Each structure stands twice: as structure tokens, then as C-alpha cells.
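Here is how the chains run, residue by residue.
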Amino acid sequence: MTDLPRSDPLAAVSPLDGRYAGYTEPLVPYASESALMRARVRVEVEYLLALADLGATPLAVDDGTRETLRDCYESFDAADARLIKRLETEGAEGYAATNHDVKAVEYFLRTRTDESLHPWIHFGLTSEDVNNLANRLLVKPAIETVLLPALADVREELTTMAHDYGDTPMLARTHGQPATPTTFGKEMAVYAARLGQTVGRVRAAADDLSGKLAGASGTYAAHVAAYPDVDWQGFARDFVTSLGLDHTPLATQVNPCDDLAALFDALRGVNDVLLDLDRDAWLYVSDRYLGQEAVAGETGSSTMPHKVNPIDFENSEGNLSKANADLTFLADYVTTSRLQRDLSDSTVKRNVGAALAHCLIGYRKAETGLGKVVPNEQVMAEELAATPEIIGEAVQTILRREGDTAAYERVKELTRGERVTLADFRTLFDDLEVEESVRAELRALTPAGYTGLAASLAEE
């Protein structure tokens, strides 16, 4: 195994960068170490320019220099990332190894700028001022440009199925037992609606991400020491909001991260809906309510050639379960810090990308699974016809309407724990003292026709 280079996906320690690298690639611009470096450079550059615009400082930056500075992150490439890593671990460009990732970014900017700017790079900041903003500048677009579109694709599949099969009757099960019929489309509509609601909470949480810029203990002490007459709170608010984030005015050295916790919890809500879907789809396949498209050349079982396994739903379930475990841990952990600062959260936050990656795999696998299944309407119809006792609810409800106080008990005696037929029901109907029109109404009841408003609910 020593002949495999570390960059080979077959040498990856995590399946996220190995087996599933094709699925997780869209997150690389937001979840990789290189992406974090670039985001830090962006924060440092924009902060430097904000200082130049402040007026209180002697810092002057002309248009050409502004363009050069912004090019440091706009054209950030692999060579830049490698230089920052060397500055941190080995030393480079005349600087000794920093053993500090944010300081390495400062020195990187020094290699790209005139010496007159060097005192102002990272002026008055603590590393967390840069990191908390950089992290949110990555998480926000990861949600908005990668995860939300993937969820929209899943919801589109569900909506299509809801409309296509809104009037396809299907036996429902409550407590695992035969229950009042529904339609397959209506059940898919339930998931589409739930997904829409939970996605809305994710979108709102992403919009509410909030950044902090207040120095080593959250008091603006260094800034005030240098320029006591500047409104540093106003400066910080304007700077943070200029990055597209809300502003956190009160903090210790670290951002309290309640905003991230809310986002992680919202993602868990989405994942819970899809986990429910995955398990139901698996059961529908098991019950032959759903048929699966066989993929040419694909092996379902290493020993049973006939099998077409619901692997996409299983894979989605596994990845979303892993994502939820990570998101629960992250939401609990990132909101805690010993006194004003400890570093335990730093390594934990490096795993946010992994949680998002498991989410993305789960979404794509669910979408693929939905795209490969087709309702088996014949099986659904046969099972409905074989379970006539399910019209018992309709029978006793109509009889109640007619004033029969023993309606429930009458139907219970006929059906509970018994195998009954429509003929048994019709014998009961013949013995009832009801108007002939009511008897005709009862005789017209069938399991397949007893779906209420399911079709219109699916359409809506």
C-alpha cells in the first residue's frame, strides 16, 4: 500500500474524499483547507481596506493597490495555498515557520504587498476575528449553492410523484396494520410539504449567520488603545454586514456560535424528514409497492443474481444518520467555551464540512432512489381488494350519521380479528334498518374508492 500517493482517492482516510469524492466535490470550494485559507485572505484584505477608508488612520490605498489586494483572494490558487501552508509549517519567503495558520495568512499578504501596508495587516485583530468570519463566508454559500439546490431536486422528484400518482390508491398502515386507504401520490406530497417547511428553516438560519469582530476579549481594547475616538462598534458592525453577515455585538474572544447551532439544528430537521422517507421507501420496496429499475451491469447481491436492492435509500439513510450525529455534536459543542477562549472548538469546527458532505451524499442518494422507483399499481390494487375490512371505518361513520348509536360496536363485531369479505359487509347491510338510499351508499363502498380527498391533497 505504500506505493499509493496520499493524493490518490484510494489512499483517502475518509470515504468523503475517497469512495464518495465525486459526490462531495461541489463542497471543495467551501469545505477544504484551501477554501478556508482563501476566505481568511478575503477577510484580512477587506479589513485592511476598511481601515484605509476609516479616515482616522494614516493608511492610504489607491485604486490600483485595492485591485491588487482583492486579487489576492479573487485569483487565489493552489500555489497560494501551498505557500501559506509552507509559511505555517516550514517557513518561506524569509519568514520562519509560524506554527499558526492565521499568522501564516498575514505573512502571505506581506509577500504580496508593499512594506508600508504591513503594520496594518491584521491590525488590532485576534485570530478568531478572522476565523469566525471566514467560516461563515464558507458555510453560507455551501448551504445556498450546494445543499439547497440538492434538496430542491429531491423535492422536485417528490412533487412529480405526488402529481403523477395522486389518484393511485394504496393501503395505508398504522401501527404496521391495514388502515384507511390513501394514495401513493398523497404520501409523497406529505414528504414534499414537510421538506419545503424544513428547507425554509435552513434558508432562514443561513440568512441569520452572524459575525464578530471585537478583539482578543471582545472589548475592542487594542483598537481603542490605538484610536480612542473612533466608533469601533459602528466600524465592526459596518464591516461585518458588508460581508453579507449579521453582526454579533457582544462576544468573548469567540463568536458564541448560537447562529451555527441553529443552522445545524435546522439541517437535522431536513435530514429527519428524508430519513423518514428513506425508511418508508425501503418498506414500500420490500412490500413490492415500489418496483425498481434494474441498472445494466449492476450487481444486486454477490450470491443472489435476481436481487435489485434498495441501495440508494439505504445509502441515504446511513449518510443522513451520520450527518445528524455530527450535526448534533457540532451544535452542542460550538456554543461552549471555557471562560473567554479555549481552542477545543477550533479542531471541532474543521469538521463542519464533513457533516455537510454526509448531508449532500444523503440528498443525492435519496434523489437517485426516487428516480429509479415506480409504483406497482397492480400489487397495490390486489392488496386493497384483499383487505375489505378497511371500509369498516366508513360504514360505522355513515351509520353514526344516521343515528345508529351501536354503529361502532356492530362493525367491530364483524371485523375485529376476523377475515371478512365485501359479501359479509353486504349481509350486514341487508339486516340494517336504514333507508334504501343509505343501503345503496354502503353497498357502493370499496377499499380502492375509499381515499377521501387524497387526490386533491396530492395536487395541492
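Residues numbered from 1 in each chain as written. Predicted model: local features only at pLDDT ≥ 70, side-chain atom pairs only at ≥ 80, totals over all residues. Heavy atoms only, no water.

Caption draft 1: The overall build of the chain, seen in detail. Along the backbone of the chain there are 20 helices and eight strands. Over its C-alpha atoms the chain spans a radius of gyration of 31 Å, topping by over 25% the 23 Å that the globule rule assigns to 460 residues. Of all 460 residues assigned to the chain, the portion counted as buried reaches 47%. Once local pairs closer than 6 in sequence are excluded, the contacts in the chain between residues at least 24 apart make up 76%. (Helix = DSSP H or I, 4+ residues; strand = E, 2+ residues; numbered from the N terminus. Rg over C-alpha atoms; globule rule 2.2 N^0.38 Å. Buried < 20%, exposed > 50% of the residue type's maximum accessible area, 1.4 Å probe, protein only. Contact = heavy atoms within 4.5 Å.)

Caption draft 2: Here's a closer look at the pairing of strand β4 (residues 177-183). Strand direction decides the pairing type here: strand β3 (residues 169-174) and β4, joined by five bridges, are antiparallel. Bridging from a neighbouring strand, M170 pairs with T182 of β4. Counted between consecutive antiparallel strands, the loop separating β3 from β4 contains two residues, among which H175 sits at a positive phi close to 60°. (Pairing = 2+ DSSP bridges.)

Caption draft 3: A look at the packing of aromatic side chains. Scanning the entire structure with this criterion turns up 14 aromatic pairs. Centroid distance W120 to F123: 5.0 Å. Interplanar angle 40°. Geometry classified as tilted. Centre to centre, the rings of Y165 and F184 are 6.1 Å apart; their planes meet at 75°, and the pair counts as edge-to-face. Separated by 19 residues along the polypeptide, Y165 in the loop between α7 (127-164) and β3 and F184 in helix α8 (residues 184-207) bring together distant segments of the chain. Judged by its relative accessible area of 1%, F184 falls in the buried class. Linked through ring pairs, Y47, W232, F235 and F239 together constitute an aromatic cluster. (Phe/Tyr/Trp six-rings, centres within 6.5 Å; stacked < 30°, edge-to-face > 60°.)

Caption draft 4: Expanded view of the packing of α7 against helix α14 (residues 352-371). The geometry of α7 relative to α14 is characterised by a closest axis approach of 9 Å and an angle of 20° between their N-to-C directions. By the angle between their axes, α7 is roughly parallel relative to α14. Every pair of crossing elements has a handedness; the one defined by α7 and α14 is left-handed. Taken together, the residues of α14 that come into contact with α7 (itself represented by V139, A142, I143, V146, L147, A150, L151, D153, V154, E157, L158 and M161) are V352, L356, C359, L360, Y363, R364, E367, L370 and G371. When grouped by side-chain class, the residues that make up the contact of α7 with α14 number 16 nonpolar, one polar and four charged. (Axes fitted to C-alpha atoms, helices over the stretch in contact; angles between N-to-C directions. Parallel < 35°, antiparallel > 145°, perpendicular 65-115°, else oblique. Left-handed = near helix turned anticlockwise from the far one by under 90°. Nonpolar A, V, L, I, M, F, W, Y, C, P; charged D, E, K, R; others polar.)

Caption draft 5: Seen up close, the confidence of the model for the chain. Residues with a pLDDT of 70 or more make up 96% of the chain, whose mean pLDDT is 92. Contacts for the low-pLDDT stretch residues 299-307, under 50 throughout, to residues beyond four places or in other chains number four contacts. (pLDDT = per-residue confidence, 0-100.)

Caption draft 6: Quick peek at the nonpolar core. Of all hydrophobic cores here, the largest spans 121 residues; its most connected members are V41, I143 and Y363. Of all hydrophobic cores here, the second largest spans 17 residues; its members include I391, F425, L432 and L442. (Core = buried A, V, L, I, M, F, W, Y, C linked by side-chain atoms within 4.5 Å.)

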